[in-house]
Amino acid sequence: MLQSVLLILGLAALAPWVHRLAGRWSARLYASVGAGLFAYFASLAPRVYASEPIAQRWEWIEALHVAISFRLDGLALVFAFLVTGVGALILLYAGAYMKDHPRVGAFFASLLLFMASMLGLVLADNVVTLFIFWELTSVSSFLLIGFDRQREGARRAAMQALLVTGLGGMALLGGLAMLATAAGSWELHEIAASGGAIRAHALFLPAFALVALGAFTKSAQFPFHFWLPNAMEAPTPVSAYLHSSTMVKAGVYLLARLHPALGGNDVWFHTLTWVGAATFVVGGLLATRETAMKRILAYTTVASLGALVMMLGVGTQAALVAMSAFLVAHALYKGALFLIAGAVDHEAGEKYVDRLGGLRRAMPLTAACAAIAALSMAGVPPTLGFIAKETILEGVAHDTLGWTLLALATLGSTLTVAAAAIVGLRPFFGRPRETPRTAHDPGPEMLAGPFILAALGLIGGLMPALFADSIVSATATTVGGAPIEKHLHLWHGFTLALALSAAALVVGAAIALLAARWRRALAPIGALSRFGPERLYGAGLGALNVLAVSLTGVYQNGRLRRYTTVVFVFTGLLVGASLVRLGALSGLTGLDRVYPFDAIVCMAIIAGAIAAICAKGRLGAVAALGIVGYGVTVLYVVYGAPDLALTLVSVETLTVILFVLVLYHLPRFAIYTSRAARVRDMVIAVSFGAVMCLLTLIAADVQFSPTISEWFVENSVPKGKGRNIVNVILVDFRALDTMGEITVLGVAAIGVHALLKLKPAAASDGGDES
Amino acid sequence: MQVLLAIVVGVVYAASIYLMLRRNIVKLAIGLALFGHASNLLIFTAGGLTRGKPPIVPEGADAPAAMVADPLPHALILTAIVIGFGVLAFSLVLVHRTYQMTGQDDTDHMRSAET
């Protein structure tokens, strides 16, 4: 399993070169790799369906419980099928769809990166592994939405998707860490098995809230749904793959994965059910308002994700079966419809349904696929979509909640029927309309995807035992945490679900027929959306910018002394606070011996320092600086540091000469600051000095390990062949440090040279605004 | 002598900070020079004071007979003095050059890089 993820990652890394070498064949190569992986997972299916999850594990960071561990069970397998199977078809399609684009190599690199991340996400068993792949899907989604980077809309949509899912990702990380703490394990299958302990744990509520936030943002649940329609800025293959079949289902996947751990209580039930139901209805309503094919499909995806979350919330066996069946049915029909929308845009040059009609003559094969997929979406027998919708209505009807939820689910289904007819049937039937391009069926590469996906939706409905039964049962078993065996049937007899289903079909079809009038009737929603969550997102982003600008303006005001003040005040406070906190001040020893000569030198230094401050003239200040320097030199001599003294004497002399040379060209001292500022600076300076004075005393008191110094003293002659130990350290034991020091000096010398040689003509560039 | 030296360190630090907070760019440079002295003296004092016994091995011996001053702080400070000089020399030329270009010795008027 790790190998399959790495294989796709490798392909992603090589994609630009593969494209250069193989040209149009590159997409077929990727598609065949995807198909091969699909076959590989299919070959593992019998073992998985016999309730034998396949696990792999490599230790990574043991101390942090981080491992690269994968686990293939029923839920992971259905998603692996979607990622590799739908992925293969999309890759094939994208090869033809993107063939004229100049950056095809980069496109496939991002798309394959996403494919690898998504596969890793659904296979991961370790919480941290899962999270890393989760974030990688967000990143690759960002790259793909903003693929047409010249367009501002694409960039903005990409940023929006990244911010919304990224914020959710941060919440998720916190939630997962809490879950792992509560469960005492960082492996998802163990977390799923310790549901009782987690629900009794104090961290249960915050963990649930954070995980739900992560899942809701990723799966575009109301009120975080707004980023998904905007993500339609991406090229169509991306919308079909990431933003309908796979990535947006990551949130649903995670909730399903954690259902055994977090589910089965009121908090879970009410949160998921109502958020899901609201998303189902809101998504449906917004879908029927739109006229652009991709945006209609995006909103119906939002609605479908809502339905999935709602079923997870209900959580009964029937509901979980419905969730699993709908998951498969939706991926098949929605993938097909997205690809068809792309084909219509590509071949007819039109993307608005109200300007399309009668395309079945020009695009008969496309129209056939579209019709089958749309029927599955609308839930018309004998498609898999019909079975899925029946199970949903049954799952809701069986619940004790009663009519409210059932009504919402029926309403959602009705709107889905309407959207299916608007997007899947209207463009192909009815009166033919002029299109910008002469429409024709796309080539086999672009037809393969819609055809296979639509056909599977039909076969799954006609013969559920062929593949749908086992997939749905295994998925529901993993999600439910207990074995569930389900045989799907087209015909359930005359039930309430069937009646509601029929009603939804009739009303939905009516809405689709009166689409233009319906859109006008819904116009007030447009006014309402000015107060919607997207508006809030924009306002929040704006406020953040304003805050950042004003904050930066305050502490980065361009005045050097402000920065210097901040640095010294905080350094002083931190050092002082540490000294107080460590209680170091009490450990000071009493006064020690004072030598009169040394004391006189010390007084001279102090006098020099004070004179440097008070000096009225420039030369006086430099002379005072000289006094301090030579005084320190004398101290070095007295305390056994002749090397320091020699160096400092020459450096000090050079410094004074340099100062005098520079001052010669500068004006006399002027007092720029006010009296209050001088007093304030004096207070800061004296406090800082006091802290450093204390620090010196305490540091002198600390006996650090003398072994390093002793080693130098003992080995200076035997190993370094030198009698001056300081010199031996500098040029022998720590010669590399000295080389670094020489380099610094060299760089400084180059800088000095460059500054002196700089032509004054450059003044116009570097000039001051005053 | 530790206490006295610590006071010297504190006073030199205070003087250097006060000068570095001035708007006059030459005072700032003088403060920078003082700051170097104070820091070196801090390391020197903190490393332990040994009066009059330089870390030198006498002729004919493999190691000093009695205890000598700790050579490690000396090596550190030596490096610091040299680098400090490099920095100071560069800043002095920079001061000189800035004045030539802008006709200003007031740092409050040198803000164009930020705006």
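Calculation rules
- Residues numbered from 1 in each chain as written.
- Chains lettered and ligands numbered in written order.
- Predicted model: local features only at pLDDT ≥ 70, side-chain atom pairs only at ≥ 80, totals over all residues.
- Helix = DSSP H or I, 4+ residues; strand = E, 2+ residues; numbered from the N terminus.
- Rg over C-alpha atoms; globule rule 2.2 N^0.38 Å.
- Buried ≥ 20, exposed ≤ 12 C-beta atoms within 10 Å, placed from the backbone.
- Contact = placed C-beta atoms within 7 Å.
- Domains from an automatic or database assignment.
- Axes fitted to C-alpha atoms, helices over the stretch in contact; angles between N-to-C directions.
- Parallel < 35°, antiparallel > 145°, perpendicular 65-115°, else oblique.
- Left-handed = near helix turned anticlockwise from the far one by under 90°.
- Nonpolar A, V, L, I, M, F, W, Y, C, P; charged D, E, K, R; others polar.
- Pairing = 2+ DSSP bridges.
- Expected span 1.5 Å × (residues − 1).
- pLDDT = per-residue confidence, 0-100.
- Core = buried A, V, L, I, M, F, W, Y, C linked by C-beta atoms within 7 Å.

Colleague: Can you help me understand the overall build of chain B in this one?
Modeller: Helix and strand counts for chain B come out as three helices and zero strands. Relative to the 2.2 N^0.38 estimate, which gives 13 Å for 115 residues, the radius of gyration of chain B is 19 Å and therefore markedly larger than a compact globule would have. Considering only C-alpha atoms, chain B reaches an extent of 65 × 30 × 20 Å along its principal axes. By the burial criterion, 61% of the 115 residues in chain B qualify as buried. Across chain B, contacts joining residues at least 24 apart in sequence account for 55% of those joining residues at least 6 apart.

Colleague: How should I be thinking about the overall build of chain A in this particular structure?
Modeller: A count of helical and extended segments in chain A gives 33 helices and two strands. The C-alpha atoms of chain A give 36 Å as radius of gyration, which overshoots the globular expectation for 770 residues (27 Å, by more than 25%). Here the C-alpha coordinates of chain A stretch approximately 110 × 60 × 55 Å along the principal axes. Burial status across chain A gives 49% buried among its 770 residues.

Colleague: Hey, could you run me through the interface of chain B and chain A in this one?
Modeller: Interface size is often expressed as the accessible area that is lost when the parts come together. In this assembly, 85 residues from chain B lie in contact with 97 residues from chain A. Put simply, the parts of the chain that give the side of chain B that touches chain A at least two residues each are helix 1 (2-20), helix 2 (25-46) and helix 3 (71-102) of chain B. Per-element accounting of the side of chain B that touches chain A gives the leading share, 26 residues, to helix 3 of chain B.

Colleague: What is the right way to read the domain arrangement of chain A from this model?
Modeller: As far as domains go, chain A holds domain 1 (1-169 + 242-260) and domain 2 (596-670). Computed from C-alpha coordinates alone, the two centres of domain 1 of chain A and domain 2 of chain A are separated by 68 Å.

Colleague: I would appreciate a short explanation of the packing of helix 13 (residues 266-289) of chain A against helix 14 (residues 293-314) of chain A in the present structure.
Modeller: Relative orientation and spacing of two packed helices are given, respectively, by the angle between their axes and the distance between those axes. Residue and element names in this part refer to chain A. Their axes nearest at 7 Å, the elements helix 13 and helix 14 cross at an angle of 160°. As judged from the angle between their axes, helix 13 and helix 14 are roughly antiparallel. The two elements helix 13 and helix 14 meet at a crossing, and its hand is left-handed. Among the residues forming the contact of helix 13 with helix 14, the class breakdown is 18 nonpolar, eight polar and no charged.

Colleague: Just to check I follow, could you spell out the pairing of strand 2 (residues 66-72) of chain A for this structure?
Modeller: Looking along a regular strand, one sees side chains alternate from face to face of the sheet. Residues and elements named next belong to chain A. Of the pairings in the sheet, the one linking strand 1 (residues 54-61) to strand 2 comprises seven bridges and is antiparallel in character. Looking at strand 2, one finds that glutamate 59 is bridged to alanine 67. Hairpin connection between strand 1 and strand 2: a loop of four residues separates the two successive antiparallel strands, and histidine 65 in this loop has a positive phi of roughly 65°.

Colleague: Explain the environment of glycine 379 of chain A here, please?
Modeller: Inspection of the secondary structure assignment puts glycine 379 of chain A in the loop between helix 16 (364-378) and helix 17 (384-397). Linking glycine 379 of chain A and alanine 124 of chain A, residues 255 residues apart in sequence, is a C-alpha distance of 33 Å.

Colleague: Explain helix 20 (residues 468-480) of chain A to me, please; I cannot follow it from the model alone.
Modeller: Each α-helix winds once per 3.6 residues, and so residues spaced three or four apart point in a common direction. Residue and element names in this part refer to chain A. Look at helix 20: 18 Å from first C-alpha to last across 13 residues, which is about the 18 Å you get at 1.5 Å a residue. The element helix 20 is extensively covered by neighbouring structure, given that eleven of its 13 residues are classed as buried. Among all positions of helix 20, only Ala468, Ile471, Val472, Ser473, Ala474, Thr475, Ala476, Thr477, Thr478, Val479 and Gly480 are buried. For helix 20, the elements touching its buried residues are helix 2 (25-49), helix 3 (74-97), helix 12 (250-262), helix 15 (317-348), helix 17 and helix 19 (444-462).

Colleague: What's the story with the packing of helix 12 of chain A against helix 14 of chain A in this structure? I'm lost.
Modeller: Residue and element names in this part refer to chain A. Orientation of helix 12 relative to helix 14, taken along the N-to-C sense of each, is 10°, at an axis distance of 10 Å. Judged by the inter-axis angle, helix 12 sits roughly parallel to helix 14. The segment helix 12 lies against helix 14, with Val252, Leu255, Ala256 and His259 engaging Leu305, Leu308, Val309 and Leu312. In the contact of helix 12 with helix 14, the residues fall into seven nonpolar, one polar and no charged.

Colleague: Would you take a moment to explain the confidence of the model for chain A for this structure?
Modeller: In low-pLDDT regions, the fine details of the predicted coordinates are not to be read closely. Model confidence for chain A is summarised by a mean pLDDT of 88, while 96% of its residues fall at 70 or above. Low pLDDT, under 50, characterises residues 762-770 of chain A; the stretch is placed with twelve contacts to residues that sit more than four places away or in other chains.

Colleague: Mind showing me how you'd approach the confidence of the model for chain B here?
Modeller: Residues and elements named next belong to chain B. Residue-level pLDDT values for chain B average 87, and 96% of them are 70 or greater. Confidence, read as mean pLDDT per element, is least for helix 3 in chain B (90) and greatest for helix 1 (93). Prediction confidence for the complex, expressed as pTM and ipTM, is 0.75 and 0.94 respectively.

Colleague: Any chance you could explain unusual backbone geometry here in plain terms?
Modeller: For residues other than glycine, phi is negative in most cases, and the peptide bonds are mostly trans. All names here are of chain A. Cis geometry is found at the peptide bond from phenylalanine 222 to proline 223, where omega equals 5°. Relative to the assigned elements, proline 223 resides in the loop between helix 9 (204-218) and helix 10 (227-230). With omega at 5°, the peptide bond leading from proline 381 into proline 382 counts as cis. As for its placement among the helices and strands, proline 382 is situated in the loop between helix 16 and helix 17. Notably, histidine 65 is not glycine yet its phi reads approximately 65°, a positive angle. With respect to the secondary-structure elements, histidine 65 resides in the loop between strand 1 and strand 2. A count of 15 C-beta atoms within 10 Å places histidine 65 in the partly exposed class. Non-glycine residue lysine 721 carries a positive phi angle of around 55°. Checked against the element boundaries, lysine 721 lands in the loop between helix 30 (707-720) and helix 31 (725-733). Judged by C-beta crowding, with 9 C-beta atoms within 10 Å, lysine 721 ranks as exposed.

Colleague: Before we go on, may I ask you to explain the nonpolar core in this structure?
Modeller: It is characteristic of soluble globular proteins that their nonpolar side chains tend to be buried jointly. Counting residues in hydrophobic clusters, the biggest one holds 212 residues, and the most contacted among them are Leu112, Leu179, Val328, Leu337 and Ala373 of chain A. With 23 residues, the single largest contributor to this core is helix 15 of chain A. For leucine 179 of chain A, the residues in contact, after removing those within four places along its chain, are Ile191, Ile198, Ala207, Val211 and Ala261 of chain A. If you look at the next biggest cluster of nonpolar residues, it comprises 84 residues, including Ala612 and Val728 of chain A together with Ile77 and Ile81 of chain B.

Colleague: Got a minute to help me understand the environment of isoleucine 657 of chain A in this structure?
Modeller: As for its position among the elements, isoleucine 657 of chain A is in helix 28 (residues 642-663). Sequence spacing of isoleucine 657 of chain A and serine 244 of chain A is 413 residues, and the spatial spacing of their C-alpha atoms is 75 Å.

Colleague: Where do I start with the environment of alanine 503 of chain A in this structure?
Modeller: Residue and element names in this part refer to chain A. Relative to the elements of secondary structure, alanine 503 occurs in helix 21 (residues 496-513). Among the residues examined, alanine 503 registers 13 C-beta atoms within 10 Å and is labelled partly exposed. C-alpha separation for the pair alanine 503 and threonine 410, spaced 93 residues apart in sequence, amounts to 8.6 Å.

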